[in-house]
Amino acid sequence: MALEGKEKKPENMTDMEFAVIDKKAKSGIILNLSNEVLREVSTESTAKGMWEKLKTLYMKRIVKNRLYLKQKLYTFRMVEGTSILSHLDAFDSILMNLSNIDAEVNDEDQALLLLISLPQSFKHIRDTMLYGKDNISTVEIKSILKSKECIDRDIIEKVV
């Protein structure tokens, strides 16, 4: 509600009640910003003002940002020895950033890019997922990768 601004507050809400909500929202924003980013928005007096400033600074929907993020997605590769969960988290982070600037990647393309990002040691999984199927989904691939990590962890724990 605070991000929509005082002009859109409910009629039955007093200015004092809205001020309390705005202060809480502003505090929540401040707590989640690094010092460098906080300096950029410290002059704003409302949560809406801070949010709008953050959007203009970091969520620009310009070609440069779209190209950068798409390049990052298409060249994204898992380093051998990295945990699958951290790789999936980084992959999802790139997709979320693309989504935030309205650059969507369909599920089948996401699945293919995820498979391609895997190192050579995952060749058997990649081959199994690509051949003999009419379509693949990101959810299915993530599920298989997470299962593999659990199995690998169990095997290592039994050896140790």
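Naming follows an unreviewed UniProt entry, where the protein appears as Retrovirus-related Pol polyprotein from transposon TNT 1-94 of Solanum commersonii.

Glancing now at the overall build of the protein. Along the protein, the regular secondary structure elements total eight helices and zero strands. The order of α-helices and β-strands along the protein, N terminus first, is α-α-α-α-α-α-α-α. Taking 15 Å as the expected radius of gyration for a compact globule of 160 residues, we find that the protein reaches 22 Å, considerably beyond that expectation. Across its three principal directions, the C-alpha atoms of the protein cover 60 × 40 × 35 Å. Out of the 160 residues belonging to the protein, those deemed buried represent 28%. In the protein, of all internal contacts separated by at least 6 residues, the share reaching a separation of at least 24 is 52%. Counting every atom, the protein has about 10800 Å² of accessible surface; 55% of that belongs to carbon and sulfur. In the protein, the 25 positive side-chain charges and the 25 negative ones have mean positions that sit 5 Å from each other.

Here we come to helix 6 (residues 107-116). Residues that lie three or four places apart on an α-helix share one face, since the helix turns once every 3.6 residues. Within the sequence span of helix 6, burial applies to Gln110, Ala111, Leu113, Leu114 and Leu115. Where helix 6 starts, the residue carrying a side-chain oxygen 3.2 Å from the main-chain nitrogen of Glu108 turns out to be Asn106.

Moving on, we come to the nonpolar core. Counting residues in each nonpolar core, the largest one holds 24 residues, and the members touching the most others are Leu73, Phe91, Leu98, Phe122, Ile141 and Leu145. For this core, the elements supplying multiple residues, two or more each, are helix 4 (63-74), helix 5 (84-100), helix 6, helix 7 (123-130) and helix 8 (138-159). One finds Val37, Val41, Ala47 and Met50 within the second-largest nonpolar core, a separate group that totals seven residues.

Thresholds applied
Residues numbered from 1 in each chain as written. Predicted model: local features only at pLDDT ≥ 70, side-chain atom pairs only at ≥ 80, totals over all residues. Heavy atoms only, no water. Helix = DSSP H or I, 4+ residues; strand = E, 2+ residues; numbered from the N terminus. Rg over C-alpha atoms; globule rule 2.2 N^0.38 Å. Buried < 20%, exposed > 50% of the residue type's maximum accessible area, 1.4 Å probe, protein only. Contact = heavy atoms within 4.5 Å. Areas by Shrake-Rupley, 256 points an atom, 1.4 Å probe, with all protein chains shown as cover. Lys, Arg positive; Asp, Glu negative; His and termini not counted. Charge placed at Lys NZ, Arg CZ, Asp CG, Glu CD. Polar contact = N/O pair within 3.5 Å; in protein donor to acceptor, adjacent residues only side chain to side chain. Core = buried A, V, L, I, M, F, W, Y, C linked by side-chain atoms within 4.5 Å.

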